[in-house]
Amino acid sequence: MVYQPATGARDLLPLDVTQKGWIEDRLQQVFHRWGYHRIITSTLERMDTLMAGGAIERSTVIQLQNAEDEELGLRPELTASIARTAVTRMANVRYPQRLYYNTNVFQRTREYKQNRQHEYYQAGVELLGSSGILADAEVLLLLADCLQALSLSPWYIILGEAEITRSLLKAFPVHLQDKVRIAISHLDRITIDTLPLSDELRERAIIMLDLRGNPEQVLQKVTSMGLDQPLQAAVNNLQSLIELLKSSRPGIEIILDLSLIQTFDYYTGIVFEVVSDACGQTRVLGRGGRYDRLLGLYHPQGENIPGIGFALFLEDLYQILLSCQQLPQAIPASDWLVVPESNSAYTVAFTYAQKLRDSNEVVRVEIDLGGTDFQAIQQYARDRSISQIAWVKADGSITIESLVKN
Ligand SMILES: N[C@@H](Cc1c[nH]c[nH+]1)C(=O)O
């Protein structure tokens, strides 16, 4: 019998881990440079926590049952868990809180008409306790820094605003809102033409199809739709944010898309995706947005604390960086192979290897475990790109052999 991993689960081998680590290290450095601290929440959550935001479909969660008969699920994303932790476990902290994570998530997808479970990795940030465009801009500029740290140009941000989009959709009959939304987000003019809408509403849907592209033009178009005062204020806010981003990071590419709707539905302000066209691939590398009512759902007194964040998808980053040939092609080589030349040289070999390890924080030292001859040991060291062999004799004498790198 061959033991397989669970369907959709994955094992990462040393080279995969090296390559994933290369991405994670760069992202983590950026998160640290912006003053963010890592948080680790539980992989398992109660289903009611996961679903509280009303954002997660039960069927997409991999569920478990424990002895206490609690309904549990594997987290499909991190924002709900971090919101829960923040308001229950970090009750007396000062805001803003700058948190980041780098971890696995699980989502059940219905590929090939089967229920398949899948494990993915995400790295992201949540900035809690600040509303307003300064916090929005911080998170988007931090995202830009992440992309730069991975040298993934060209890339652009697709920016939307959940509240504006929701308000624009409210004009449509409730039972058609979803259809209109999906048609708009798929640029599907044919569906819009065939839906039972009044001429005025059809006209509105067609204008909405066009609310995507150059920010200045889109803002002008939406303003011309005759918005009420709160909606116009949200549009003005978006305009100020875009100006701030453009002046703080000249050259940043933003596509404004007021039909952008995210999978998770807890967003109350800006929503965004980051897309890269680097190395002949177009990929959505991450997404996020502002959620000012989510923490209130978990707060014992229902107090609302604003939040904004994003998640980057490590698999997509990996795929695009692989085609850019930017990822390490091998696992890190050891620096030393310490070879006891006889049974009585074991102690000396361990002592010498330890001395090497203690001399330098990043040195990698292997011990030869015996059973092969001189030539096989040299061949092993060459194959593994080990740069030096220390031949150790029982009398304590050590001969160092440097291998020329090929
Ligand atoms: N958790 C969201 C991304 C996000 C982080 N913060 C806000 N939004 C997702 O996985 O899509």
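Quantities reported herein were computed from a predicted structural model and do not represent experimental measurements.

1. Comments concerning the environment of Leu-143
So, point 1. Its place among the elements puts Leu-143 in helix α4 (residues 133-149).
So, point 2. Between the alpha carbons of Leu-143 and Arg-290 there is a distance of 14 Å; along the sequence they are 147 residues apart.
So, point 3. Sequence-distant contacts of Leu-143, defined by excluding residues within four places in its chain, comprise Ile-157, Phe-272, Val-274, Phe-310 and Leu-312.

2. Let's talk about helix α9 (residues 215-223)
So, point 1. When we look at burial in α9, the residues that qualify are Pro-215, Val-218, Leu-219 and Val-222. Buried residues in α9, looked at end-on, bunch into an arc of 100 degrees, giving them a common side.
So, point 2. Where α9 is buried, its residues touch α5 (162-170), β8 (212-213), α10 (229-248) and β9 (254-257).
So, point 3. The distance from a side-chain oxygen at the start of α9 to the backbone nitrogen of Glu-216 is 2.9 Å, and the residue carrying that oxygen is Asn-214.

3. Regarding the sheet that holds strand β16 (residues 398-402)
So, point 1. Spatially, the four strands line up as an open sheet ordered β14-β13-β15-β16, and their pairing is mixed. Two strands bound the open sheet, and with one partner strand each, they are β14 (365-367) and β16. Neighbour-to-neighbour, the strand axes of the sheet open up by a mean angle of 20 degrees, direction not taken into account.
So, point 2. Looking at chain direction, strand β15 (residues 388-392) and β16 are connected through five bridges and run antiparallel. Opposite Ala-390, over in β16, you have Ile-400 as the bridge partner.
So, point 3. Where helix α13 (residues 346-359) meets the sheet, it contacts β13 (336-340), β14, β15 and β16, and its direction lies at approximately 165 degrees from that of β13.

4. Some words on the nonpolar core
So, point 1. Core analysis: the largest hydrophobic core is formed by 72 residues, its most contacted members being Leu-27, Phe-31, Leu-152, Leu-159, Phe-310 and Leu-317.
So, point 2. Top element by residues in this core is α4. It accounts for ten residues.
So, point 3. Beyond its immediate chain neighbours, meaning those up to four positions away, Leu-159 contacts Leu-140, Leu-238, Leu-241, Ile-242, Ile-254, Ile-255, Leu-256, Asp-257, Leu-260, Ile-270, Val-271 and Phe-272.
So, point 4. Counting 31 residues, the second largest nonpolar core, distinct from the first, contains Leu-50, Ile-82, Leu-128 and Phe-264.

5. Some words on the side chain of Glu-315
So, point 1. Looking at the secondary structure, you find Glu-315 in helix α12 (residues 314-323).
So, point 2. Leaving out residues up to four positions away in the same chain, Glu-315 has contacts with Arg-10, Glu-119, Tyr-120 and Tyr-121.

6. Quick look at the layout of surface pockets
So, point 1. In this model, the largest pocket occupies a volume close to 950 Å³.
So, point 2. What lines the largest pocket is a set of 35 residues, and nearest its centre among them are Arg-181, Ile-261, Gln-262, Thr-263 and Phe-264.
So, point 3. For the lining of the largest pocket, the elements supplying multiple residues, two or more each, are β5 (97-109), α5, α6 (174-185) and β10 (270-276).
So, point 4. Top contributing element to the lining of the largest pocket by residue count: α6, with five residues.
So, point 5. Among the residues forming the lining of the largest pocket, the class breakdown is 14 nonpolar, ten polar and eleven charged.
So, point 6. Reported here for the second largest pocket is a volume of approximately 240 Å³.
So, point 7. For the second largest pocket, the lining is made up of 17 residues, of which Pro-340, Tyr-346, Asp-368, Leu-369 and Gly-370 are closest to its centre.
So, point 8. For the lining of the second largest pocket, the secondary structure elements donating two or more residues are β13, α13 and α14 (374-383).
So, point 9. Among the elements that take part in the lining of the second largest pocket, α13 stands out by supplying three residues, more than any other.
So, point 10. Broken down by class, the residue content of the lining of the second largest pocket amounts to ten nonpolar, five polar and two charged.

7. What to know about the sheet that holds strand β3 (residues 63-65)
So, point 1. Spatial ordering of the open sheet is given by β2-β4-β3, a layout of three strands whose pairing is antiparallel. On the outer flanks of this sheet lie β2 (44-46) and β3, each paired with one strand and no other. Geometrically, the sheet is characterised by an average inter-axis angle of 40 degrees between neighbouring strands, direction not taken into account.
So, point 2. In terms of strand pairing, β2 meets strand β4 (residues 71-74) through three bridges, oriented antiparallel. Residue pairing for β4: Leu-44 is matched across the bridge by Leu-74.

8. Quick notes on the packing of helix α1 (residues 14-33) against α4
So, point 1. One can describe the packing of α1 onto α4 by two numbers: an axis separation of 9 Å at closest approach and a directional angle of 145 degrees. For the pair α1 and α4, the crossing hand works out as right-handed. Counting all contacts with α1, which are made through Arg-26, Leu-27, Val-30 and Phe-31, the residues of α4 involved are Leu-142, Asp-145, Cys-146 and Ala-149.
So, point 2. Here the residues of the contact of α1 with α4 sort into six nonpolar, no polar and two charged.

9. Quick look at the packing of aromatic side chains
Aromatic ring pairs are defined here through the distance separating the ring centres and the angle between the ring planes.
So, point 1. What the rule picks out here adds up to five aromatic pairs.
So, point 2. Consider the rings of Tyr-266 and Tyr-291, whose centres lie 5.9 Å apart with planes at 70 degrees: the pair is edge-to-face. Here Tyr-266, found in the loop between β9 and β10, pairs with Tyr-291, found in the loop between β11 (283-290) and α11 (294-298); they are 25 residues apart in sequence, far enough to count as distant.
So, point 3. The buried category is assigned to Tyr-291, whose relative accessible area is 2%.
So, point 4. Centroid distance Trp-336 to Tyr-352: 6.5 Å. Interplanar angle 85 degrees. Geometry classified as edge-to-face. Taken together, the positions of Trp-336 in strand β13 and Tyr-352 in helix α13 put the pair 16 residues apart, joining distant regions of the chain.
So, point 5. Using a relative accessible area of 11% as the deciding quantity, one classes Trp-336 as buried.
So, point 6. On the basis of relative accessible area, Tyr-352 is assigned to the buried category, the value being 12%.

Definitions and cut-offs
- Residues numbered from 1 in each chain as written.
- Predicted model: local features only at pLDDT ≥ 70, side-chain atom pairs only at ≥ 80, totals over all residues.
- Heavy atoms only, no water.
- Helix = DSSP H or I, 4+ residues; strand = E, 2+ residues; numbered from the N terminus.
- Contact = heavy atoms within 4.5 Å.
- Buried < 20%, exposed > 50% of the residue type's maximum accessible area, 1.4 Å probe, protein only.
- Arc of directions from axis to C-beta.
- Polar contact = N/O pair within 3.5 Å; in protein donor to acceptor, adjacent residues only side chain to side chain.
- Pairing = 2+ DSSP bridges.
- Axes fitted to C-alpha atoms, helices over the stretch in contact; angles between N-to-C directions.
- Core = buried A, V, L, I, M, F, W, Y, C linked by side-chain atoms within 4.5 Å.
- 1 Å grid on protein atoms, 1.4 Å probe; cavity = no way out; pocket = protein on both sides within 12 Å on 5 of 7 lines; lining within 4 Å.
- Points joined across faces, edges and corners; volume = space filled by probe spheres on them.
- Nonpolar A, V, L, I, M, F, W, Y, C, P; charged D, E, K, R; others polar.
- Left-handed = near helix turned anticlockwise from the far one by under 90°.
- Phe/Tyr/Trp six-rings, centres within 6.5 Å; stacked < 30°, edge-to-face > 60°.

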